[in-house]
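Listed below are the residues making up each chain.
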Amino acid sequence: MRKIFSVLLVLALFVGVFSLNVMAQNSDMRVALVLSGFLGDQSFNDSSYEGLKRAQEEYGFELKVLESGVSSEWEQNLIAMASAGYDLVVANTTQFQQIVKNNAPMFPDTKFALIDGVVDLPNVVSAVFAQNEGSFLAGAAAAMFTQHDEIEGVNKDKIIGWVGGMDIPVLHDFLVGYKQGAKYIDPETKVLVSFAGTFNDPVKGKELTLSQYDQGADIVMNVASGTGNGILEAANETPHYAIGVDMNQDGIYPGAILTSMLKRMDQATYLIAKSVAEGNYEGGRTIKMDLSNGGVSLTDMSVMQEALGDKFPEEILTRIQELTEKVKNGEIEVDSYEGFQRN
Amino acid sequence: MGDLGLIINLNLLRATLRMSTPIALAAMGLVITEQAAITNIGIEGIMLIGAFVAVAVSYFTGSWVLGILSSVAAGVVVALFMAVIHLKFKADVFVAGIAINLFAIEFTRFLLRNIFNTAGSFYDPNIVPIPSITIPIIDKIPVLGTLLSGFKLTDYLGIILVFVTYFILYKTVWGLRIRFVGIHPLSAETGGVHVNIKKYQAMILSGIFGGLAGAHLSLGYTRQFIENMTNGRGFIGVAAMYFGGVTPINTWFASLFFGFTEALGNNLQTFGLPSQFMLMIPYIATVVAITIGMIRKQKREKNNLL
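What you see is a predicted model; the values in this text were computed from it and never measured. (Residues numbered from 1 in each chain as written. Chains lettered and ligands numbered in written order. Predicted model: local features only at pLDDT ≥ 70, side-chain atom pairs only at ≥ 80, totals over all residues.)

Asker: I would appreciate a short explanation of the sheet that holds strand β13 (residues 296-298) of chain A in the present structure.
Answerer: Strands pair in a sheet through their backbones, by hydrogen bonds, and they do so in one of two ways: parallel or antiparallel. Residues and elements named next belong to chain A. Read across the open sheet, the six strands follow the order β8-β7-β9-β10-β11-β13; overall the sheet is mixed. Because the sheet does not close on itself, it has two edges, and the strands there are β8 (190-195) and β13. Within the sheet, the average angular offset between the axes of one strand and its neighbour, ignoring direction, is 15°. Looking at chain direction, strand β11 (residues 257-263) and β13 are connected through three bridges and run antiparallel. (Pairing = 2+ DSSP bridges. Helix = DSSP H or I, 4+ residues; strand = E, 2+ residues; numbered from the N terminus. Axes fitted to C-alpha atoms, helices over the stretch in contact; angles between N-to-C directions.)

Asker: Got a minute to help me understand the packing of helix α2 (residues 10-35) of chain B against helix α10 (residues 195-221) of chain B in this structure?
Answerer: Helix-helix packing is characterised by the crossing angle of the two axes and by the distance between the axes. All names here are of chain B. Between α2 and α10, the least distance of the axes is 7 Å, while the angle of their chain directions is 170°. The orientation of α2 with respect to α10, classified from their angle, is roughly antiparallel. Seen from α2, the contacting residues are R18, T21, P22, L25, A26, M28, G29, L30, I32 and T33; seen from α10, they are A202, M203, L205, S206, F209, G210, L212, A213, H216, L217 and Y221. The residue inventory of the contact of α2 with α10, partitioned by class, reads 14 nonpolar, six polar and one charged. (Parallel < 35°, antiparallel > 145°, perpendicular 65-115°, else oblique. Contact = placed C-beta atoms within 7 Å. Nonpolar A, V, L, I, M, F, W, Y, C, P; charged D, E, K, R; others polar.)

Asker: What am I meant to see in the pairing of strand β3 (residues 62-66) of chain A here?
Answerer: Side-chain positions along a regular strand alternate between the two faces of the sheet. All names here are of chain A. In β3, alternate side chains face the same way, and those of L63 and V65 are buried while those of E62, K64 and L66 on the opposite face are not. As judged from the five bridges shared by strand β2 (residues 30-35) and β3, these two strands associate in the parallel manner. The residue of β3 that forms the bridge with V31 is L63. Viewed along the sheet, the connection from β2 through helix α2 (residues 44-59) into β3 turns out right-handed. (Buried ≥ 20, exposed ≤ 12 C-beta atoms within 10 Å, placed from the backbone. Right-handed = clockwise from strand over helix to strand, strands pointing away.)

Asker: Hey, could you run me through helix α3 (residues 71-83) of chain A in this one?
Answerer: Along an α-helix, a turn takes 3.6 residues, which lines up residues three or four apart on a common side. Residue and element names in this part refer to chain A. Here α3 contains 13 residues, and its C-alpha end-to-end distance of 19 Å stays within 8% of the 18 Å for a straight helix at 1.5 Å per residue. Of all the residues in α3, the buried ones are W74, N77, L78, M81 and A82. Burial along α3 is one-sided: seen end-on, the buried residues are contained in an arc of 125°. Of the exposed residues in α3, the ones pointing more than 90 degrees away from its buried face are S72 and S83. Packing partners of the buried residues in α3 comprise β2, β3, β4 (88-92) and α4 (97-103). Phi turns positive one or two residues past the end of α3, at G85, with a value near 80°. (Expected span 1.5 Å × (residues − 1). Arc of directions from axis to C-beta.)

Right, dumping it as structure tokens:
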């Protein structure tokens, strides 16, 4: 009995330690990325990871990633990394806000970074994104696109769609901007909204998207991480269209995805890791990533341009350019969701 | 009327069928084992492993047929493993099922990382999906075409298998014996039926169904693998099985009912009703259905004892 127990213990240890472990020789700096989800979402988590990898290539530190889809494990993972003496612990997504707030004071020597949320503590750097500004452009692009009924799969109705993962404040911040952008182009544009209630059910995402197409939408924006893979697939299997999110998803199904709203988590994590490596990490501040500093943006739509050829409505590109300038210089003020604490 | 037409229309029925297929396939496997007195909740894990194997094999061989076959084979292996634990080593099948479900989530994650060097999700243009079937003449008929044509091969297969399951259970000697084993194993044994062998065979069949359900999910319904992509559909299959009174045809109707509630919830949400409540619909329906199913099960067991 005792033997079995000890074998089990050893196994448990192995499983516990099992995670992405990349070693580098020329630095003893150690960085941990704690996720409220998994890598491979082609979206939020992957982007943050990419930024850290880029910094790792330059500065050569040890990088460890802890993934978990179970919310009760997120806090444990964060504490484990801080207790293990990691120099920088990056907590990815807004869902870590309270966790970082509660635990950062207990590890004054550990540097924390919170992506997509704000905690005002001396050893935390926060990065927030103006996803409402990016979504504003996406909504505007969708509203213009839905008027081009000469394009295959675009109907006469001025209806566009939006499918989100879980119903959380940051997603509403996307939604507010998306709606405002659509209405800015044409106040008559109707926006269909659905939430899948989960970030990892592509089947649900696909069905919700098909339902929106069915109710007259011809282009649907994906804000749903893993669930979103189903949204893009729906666009690919029907004559209709989708808009990607977080990373450049245009090329996943060329010709089905008009553009992607880029949220440069990679830029934020890169900058923070860089500051730690160069010794100029400055806690207690908030990095604001918005349209003006390239923290959010739309893709150049070149994939769609190629797919549609002459039919591609060039005016979308010029109008988006125009709107980008207007948002940057404050001529257009994009609303944000009141329940989302940006400051 | 215009608004109602947006919610209740032919496409709602199409979505209902699409969403019921994975549930129905899992539930058929469950009906067979339940008839042999094994509640195989491990079907969820079998589906998940099947979904992974189907995508992996289709990716490497470029053949969805091989994808389905390997998924079925994997399903059978896992089901047999459970059967050995349960029948030979006398473990509680419920515990074994939970173990398999937990194992499947971590095991597929492990394979994803080690075979494809990715985490979370895997999709690739090289994954060859299960084809859609366009029924030649019916396709052109307005309403029937929308209702019957253009589904995935496995959607049709699922419906056929409902009737095959019915035939096996109620029209063959083998089915009679399976039911005999389930109702009263001692008399079955006395009557010269090898109870354990029958139970093994029932588990093998449920592995086949679970593998098919998984392959349909990852190669038919979508064309990708995502961690934990079954998302409780196997469990809904358990609910459907009880709600359908552990008979194939009624269980199929129960699966359609669950598919319908989810499809309706989706359409209502898109229409503008609050997502929180619309997302609840399938689960409320499940709770209600499983309650009704359990009451019926108790009644049936009472009758069996008399």
